[in-house]
Every structure is written in structure tokens, then in C-alpha cells.
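Breakdown of the fold
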Amino acid sequence: MTPTERITTGARQLADGAGQLAASDAGEHRTLIITLFAVFVAATLGITVWAGRQTRGAEDFYAGGRQFSGFQNGLAISGDYMSAASFLGIAGAIALFGYDGFLYSIGFLVAWLVALLLVAEPLRNSGRFTMGDVLAYRMRQRPVRTAAGVSTIIVSIFYLLAQMAGAGALVTLLLGITSEAGKILVVVLVGIVMILYVSIGGMKGTTWVQMVKAVLLIAGTLLITFLVMLKFDFNISTLLGRAAEQSGKGAAFLEPGLKYGATATSKIDFISLGIALVLGTAGLPHILIRFYTVPTAKAARKSVNWAIGIIGVFYLMTIALGFGAAALIDPATIKASNKAGNTAAPLLAQEIGGGADSTGGAILLAVISAVAFATILAVVAGLTLASSSSFAHDLYVNVFRKGRATEKEEVAAARWATVGIGAIAIVLGVFARGLNVAGLVALAFAVAASANLPTILYSLFWKRFTTRGALWSIYGGLASSVLLVLFSPVVSGKETSMFPGADFHFFPLENPGLISIPLGGQGGPLRGRARGPPGARPAGGGGGGVSVPRPPPARLVISHPCSLSVPSRRLENELIGLGHGGSGALGQGAAVLIDTYGRVATDLRVSLTDRCNLRCTYCMPEEGLQWLAKPDLLTDDEIVRLIRIAVTDLGIEEVRFTGGEPLLRPGLVGIVERVAALEPRPQMSLTTNGIGLERTAAALRAAGLDRVNVSLDTLRPDVFRALTRRKRHEDVLRGLEAARTAGLTPVKVNSVLMPGLNDDEAPDLLAWAIAHDYELRFIEQMPLDAQHGWKREGMITAGDILASLRTRFTLTPEDQEERGSAPAERWLVDGGPHRVGVIASVTRPFCRACDRTRLTADGQVRTCLFATEETDLRAALRSTAPDAEIARLWKQAMWGKKAGSGLDDPAFLQPERPMSAIGG
């Protein structure tokens, strides 16, 4: 039997041997086995029902409400990853082939480095529930979601089929069922339990089941390891020496080459399998969705660290399992039970428990069998959830319904998909009872490595990757891996093939990874490179008609620092127009502010003052904040000049005036009027606390202001006073009314919820906003307070806000393509037309689509709210620098913009300037 078969048929072949072992003591010990199974199933179903009662929306069903810690998710990932097939297969491989068998342990562990270094953190930043979310942000939603959904479902079903067949055979033989009808019934019952886990508990229930399973597996393995080492006085050298002696191979048992490398084909096949295992792990859908169950990318990274630690300990213990079996059990006995050695672990458990005729041996055998069953059920639940989530979220909501399904309909579709996919798995599991399942699992890994992983990596780390490239990569990897397996010895041509009586194979390898992974990986570069400057537009401001790329920011940007490539000096010179002549392609007249990740700034935030007439607790201390000196502030003329350069020379299309409180700026109306006269005229808005808006709304509208955003965190005057330390609630309400009357619409209301003060007001605020025809947006509290007292654990998250709103309203997510670079995720309320937005700056950063540049009241350019560096334009203004030099400085600042805010980085430092000094 080949290496692929040895690993991937572990669960099925365990059942054969376990059935033989159980048969010897069937009458005496079967009650114990049945009791252990029943206790596990009852306990996990209880957990599932409990979790199901806490599942209220899509975020809960798909991602467990993103409430799991890094450790909890790491434990669940371990439970999802350590399948019975790999566990038992590795023990058997070591027992029969020594050193070469242990190579599997290394391969499975090394695979997690790919997930840690390349996938975990950027995937958590980039997606929401599924792999399709990552692709849809940059590309056309319907085709890429369709491709991602198809790939996810195919990988999951093939992996699921192998687990179902193994679970059915395991339970059938351990319980002594011999009739065909009984065997079919067992497969059906296992499938029903799986469907209940997912449809009732969703991600919360599945996660807890996986955590319980991981604890059971580690505990069972630890017990056997302890007992084995006890027999050898905890001397690893003695254990290895005895294993080499007992194996009949001598020193060769502890050296490479005993099994793998017998022929050139087997060497290549082993390399192919190793590549598929190492690369496929980071593309397995049921592993990828686990990164969405944590609140931050930092937690995702921690969960992988925990998973590596837990899995590493487990695979270290396979030394005791495999070499212990080799040392204590005659190889002929292991092979007599199972030719591939996959019953080595249960044989070892029986042996160290006292032997085949002892109660201790039967107890340990029953424990290991129950742990194997728990392992299979946990993996099956994760696979079912991954495939049903992709069907509901990617295909049903975003392809079939084009984003118009309500959240309630989406969750219902996911539950029905669970039933449908479970039914398919049951039917195929019944027919696969007598088949060799090696090809199914090999295909799952090969597809994941060939289609999913390359597409994810290109999407995260290659700025010019396109929709066409994604489709070629996914479908190319999918088709090549399926076809190569179909015409390989896995399906025909050998006694161990799925169809041993036929021979139509021409591909010599049993795992296609060596060929299909490069084919899938090449699909993106060959077909996925953007051709020409998409969305090119003429440069403005006398630049001579040069065309520059102006793609939608949300489709270009990479969200994680790991994805950055260092631009060449020539390209940098071209983009920022370095040099006195500004002769680059984007020289002094280029109408663009672009960074190294392809993001184009079209939105300018201008702070007019750092002063404010409120003292909000999440922004300022009660007393003692130092204001900027008047000479340091930009004059009205300087502000208008900088805005003119931004609009006419740098492509800015929208200007928002902020503070502090911009209504405190004496020349505000005149500044608005002068900016409105620019050609081209930018869109203009104002962010204000609303105090004084009652007096100035009409004048601002007449001057050319288009709309306003007004901050209001509560409907209760007493809470307003506690939050702002001022008694001005009625002034804000009158200012809102004046803005609506003046036509500064849509009037948007910004609200920050604080624990213990107004965190219960989300539904009331939304009902009030709808009644007054305001558009409400909730904003997560950010670490921009002057007193630096912000704490992540003390903030009200976007998930908390949405959960509160759903107690009274039905929320339907808007199409992500319509969102563009807007920071707020928007939902239709009760089917529309009213909307509510949530700006999740902390828990779901939108850095990939950022199109902003900022100008402080003292003339400093900031590329991000959380930037620690600024570029001084005031000095250039006051030294009579020409417009071209100021534009060059601004472009140079934008070129240095970082990939993200860094909020999830352990080294994150809060900016010294508070929000009032930066501008909102």
C-alpha cells in the first residue's frame, strides 16, 4: 500500500482492526463501548443545543459571533485538523517503517507554518465568513463567489465522504453489526448526528465540539504515551532500541529509506503527497473559516500559534504510539490485524492495558475507539459547516439573490444547505462503504493546494490579480487535480484501486499535487494580470494629457504588511515625480495621489481647528488639553490653496471639513464658498457635533456645502451630559433639524456606544433616526483619546451593536460592490429603504479600500488616522514654495502610506495627537 493510502484510509482501516479486536470480547465488553459512545454523543449534543440557543444571526452561525479567544480557536483548530485518519495512519506507519513513518508527523506540522506566515492574519483582515469574501472585495462578486463556492463544496464533500465512510465502518464493527441493512443504518445515524451538530449549533456548537474532541484526543494519546514510557522507564533510547530490535530491521528501522524511495516513482509520489499536505492545509475550507471566529487578526495569529503548539505536542507523542507499538507488538501481529498497520494504536492500547483477555485492555481499546469516533464527528461537523456556509453565503445570497436576501433567510439557507449536503454525504457514504477512500482524501488536499491556496495568495499579495486570473486559478486547479486522480492508480489499475477490475490509468502518481499545484498556480499569472491601465483618466492641471490608472480602490488594495513588495526606485520616481523637473509619468501635473499598494486617495479630510465645545469621554480629558497656538493654525487662504492643489493637481474629488469642532472656525462659510468655486468642484461635507448648526446651516448650504454628519451618542439628556460633560443635548437636536430643513441631506448621525452609559440605546437610536429620516452610523470607539485610556476589552464592538439591533430589526447586508471605499458596512433595515451603517474600525478594519488623505489644522499631511508620522506642508506654504513642490511633497507622503492601521499589531502605538487634533 502506498503512502497516500496509508494515511488517508486510517479511519476506515481502524474499523477493520477494531472490529476484530472487539469481537474477541464482544459479549463481555460491548456494553462498555456502547456506553462510552452514548456518553460522548449525548454530551456533545447537549453542548450543541446550548450553543444553538445563543445563535441569533449570520455572524453567530458562520463565525460564532467572533467571540472565541486565540486559545479557544487554537484548540478548536487542533480538533478540526487532527483527524482519525492521520492520527492512526501515522502510528501505523511508524510501527512498520520507523523513521520513514515519522516523516508524516513532520509534514503535517510543517504545513501550519504556511497558514501562520501567509494566510491566518491577512485572511482574517480580508474576509468575513468564507473564502469567497476575500476574493469578492477586489473582483467581480458573482463569478469569483461561484468559483469559490464550487471549490469549497467539492473539497469538503470529498473529504466528508472519507470521514463518513470511516465513521460508519468504525461504529458498525465495534458494535458487532453484520447485516448490510444495519451497516447502512449506522451511516445514516452518523450523518444525522452530523447534521444536528451544524444546523442547530452553527459555528458555536461546532467549535465547542471540536474543543472537546481535541481535549479527548490529547488526553487519550497522553495516557497511552505515559503508559508506554513507563514500561521503558521513560528512556527514549531504550524504547527506540527495543523497537528496532523487535521490527527485525535492526538499525535500518531508525534510518531513512526503509519504505519510501524503493523506486523512482515512489520517491516522486512521496514528494507529490508531501507538497499537497503542506500546501493543502492552508487551503482547506474547514480550516480557513476558523480564522473568522476570533475578534481580531492578532487573535487569529495567536490561534495558529496555539494550534501549532497543541498539534506539535500531539505529533511528538506519535513517537511513543508508533515506536511503542513496534517495540511491544510483533510486526506480524500488526500486519495480521491490518496490512497497512493502521490498527497499531488500538493494539498498543490493548497491550499496555493488560492484553487481549484483560478488562484493562478492553477499557483502553474502548477509550481509543471512542476518541477516534469523537475525532471523526468533529471533523465531519467542520467540513459540513464549511460547505453549507459557502453555499448559503456565496452562492445563495450573493449569486442567486444578488445580495438582497435578509440575514434570517441567509441563516435558513445555510441550515437547509447543511441538510442537503449531509444527505449527499450519507448517500455517498453508503455507497462508499466498500471503496478505497484514499483517492477521496488525496483529492481534497490536492484541490485545496491546487485551486484554493494559489487564488488566496494571489488575491492577498498581488495587486494586479484579476477576476479572470482567479477563475483560471480555481477552475484550472480543480479540473487538473480531478482529472489526474481520475486517471491515476487510485481509481484503476491496481488491487487497491477503487475499480480494481479495470485499468484506464495513464498518470503514474497517486497524488496529483506535483503537477496540479503548478497548473493551478500558473493560471493566475498567465490569465490574471491586469492588461493596460484599468479606469485610466486624463491627468489634470496642465500635465499634458498623461493618462494614469484610476481603479476603484477596493479592487486594488492588499490589506496586510506581509503582502508588500518593495517598489523599484524608477517606479517610485515615476509615481511621485521626484526630481526638479517632475518629468515622470506622474510628474508635477499628475492628478493622482497613489500609494505603493495601488490605493488612490480621492477623499480629503481637512481639520479647521483642534478646539471643541464638548468634552466627550472617549475623546478628551475633562480639563487641561493644550490647544494649538493661533500662529500655528493655517489661515483661510492657506487652507483654500492646499485644497485647490489637492483638487486640481492631485485628483481629490471629495472634501470633508472636520475639527475639533469646525463650526468654531470663524471663516468656515467663506472657506466653503471658495472651495465650491473650484473647477472641478469637489463634493463637500462637514462633520460636526451640531452645536451652532441651527444658526449656520442655511448659510453653509447657500455657500455650497452638500451635506453634514452630526455626532449624537444618546437620546437621553442625562446620559448626554455624562458622555460630553456639557448640557447641550437640545442644541444638537435643533442643529439636526436645521440641517435637514436647509437641505444638507442626507443628514447622517454618528454614534459611539460606551459600556455602562449608552450601550443599551442602539435600537432606540435607530428607531429615532428612521422616524426623523436621518441615516444612522455606529462607530466603534477608537484609540484616539487624549488621555490614552482606551482598552480593547472595554469597547462595544460591531458584533455587539448588530446583535443589539437585531433584537428589534431585520438587517439585510448591502452589496459589497456598492460599498466601494466607504468605511461603513451598511444594512437595509426591515427590507429598506432605510439603512444603518457600522464603522468597525477596530474589529473589521477597512484599510484595503482606504481612499483618504488628511490635513490637520496646522498644515500636516497624515495618511492615516493612526499614523505616527506627518509631512509638513505649512512650512512649504510659508516659504513661498510653488504648487508643484507642495504637490510633490503630498504625493511623497502618500507613497509612504502603510498597508493598514496596525491596530492588531502587538507593537501598535497610539498616536500622540488625539482625534480632536487630527480631525475625524
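Quick look at the structure, then. (Residues numbered from 1 in each chain as written. Predicted model: local features only at pLDDT ≥ 70, side-chain atom pairs only at ≥ 80, totals over all residues. Heavy atoms only, no water.)

A word on the overall build of the protein
Tallying secondary structure elements over the protein gives 33 helices and 14 strands in all. Buried residues in the protein amount to 61% of all 920 residues. Residue pairs at least 24 apart in sequence account for 78% of intrachain contacts in the protein once pairs closer than 6 positions are excluded. Element-wise, carbon and sulfur atoms account for 60% of the exposed surface of the protein, whose accessible area totals about 32800 Å². (Helix = DSSP H or I, 4+ residues; strand = E, 2+ residues; numbered from the N terminus. Buried < 20%, exposed > 50% of the residue type's maximum accessible area, 1.4 Å probe, protein only. Contact = heavy atoms within 4.5 Å. Areas by Shrake-Rupley, 256 points an atom, 1.4 Å probe, with all protein chains shown as cover.)

Structural notes on a nonpolar patch on the surface
Together, Val49, Leu185, Leu189, Ile192, Leu196 and Ile200 make up a nonpolar patch on the protein surface, roughly 460 Å² of accessible area in all. Of all the elements, helix 10 (residues 180-231) adds the most residues to the nonpolar patch, at five residues. Take Ile192: it is sitting in helix 10. Given a relative accessible area of 40%, Ile192 falls into the partly exposed group. (Patch = residues over 30% accessible without salt bridge, like charges linked within 9 Å, V, L, I, M, F, W, Y side chains within 5 Å. Salt bridge = Lys/Arg side-chain N within 4 Å of Asp/Glu carboxyl O.)

Side note on the packing of aromatic side chains
Inspection of the entire model under this criterion finds 10 aromatic pairs. Ring geometry for Trp50 against Trp208: centres 5.9 Å apart, planes inclined by 70 degrees, an arrangement best described as edge-to-face. Taken together, the residues span a long stretch of sequence, with Trp50 in helix 3 (residues 26-52) and Trp208 in helix 10 at a distance of 158 residues. You can call Trp50 partly exposed: its relative accessible area is 44%. An aromatic cluster of at least three residues, connected via ring pairs, comprises Trp50, Phe68 and Trp208. (Phe/Tyr/Trp six-rings, centres within 6.5 Å; stacked < 30°, edge-to-face > 60°.)

A word on the sheet that holds strand 4 (residues 654-658)
Strand order in this open sheet of 12 strands is 9-10-11-8-7-6-5-4-3-12-13-14, and the pairing throughout is mixed. Every other strand in the sheet has two partners, leaving strand 9 (811-813) and strand 14 (871-872) as the edge strands with one partner each. With five bridges joining them, strand 3 (residues 603-607) and strand 4 adopt parallel strand pairing. In the strand pairing of strand 4, Leu604 is matched with Val655. Of the strands in this sheet, strand 3, strand 4 and strand 12 (852-855) touch helix 23 (residues 636-650), which is tilted by about 175 degrees from strand 3. (Pairing = 2+ DSSP bridges. Axes fitted to C-alpha atoms, helices over the stretch in contact; angles between N-to-C directions.)

Quick look at the nonpolar core
In terms of nonpolar packing, the biggest core is built from 131 residues, with Trp112, Met164 and Phe291 touching the most fellow members. Ranked by the residues each element gives to this core, the list is headed by helix 17 (residues 359-400), at 18 residues. Listed in part, the 86 residues of the second largest apolar core include Leu700, Ala738, Val752 and Trp890. (Core = buried A, V, L, I, M, F, W, Y, C linked by side-chain atoms within 4.5 Å.)

Overview of the packing of helix 25 (residues 693-703) against helix 27 (residues 729-742)
Put simply, helix 25 and helix 27 touch, their axes get as near as 8 Å, and they point 20 degrees apart. By the criterion of interaxial angle, the relationship of helix 25 to helix 27 is roughly parallel. In the crossing of helix 25 with helix 27, the sense of the turn from one axis to the other is right-handed. Between helix 25 and helix 27, the residues in contact are Leu693, Glu694, Ala697, Ala698 and Arg701 and Arg734, Gly735, Ala738, Ala739 and Ala742, respectively. (Parallel < 35°, antiparallel > 145°, perpendicular 65-115°, else oblique. Left-handed = near helix turned anticlockwise from the far one by under 90°.)

What is shown is where atoms sit, not what they do.
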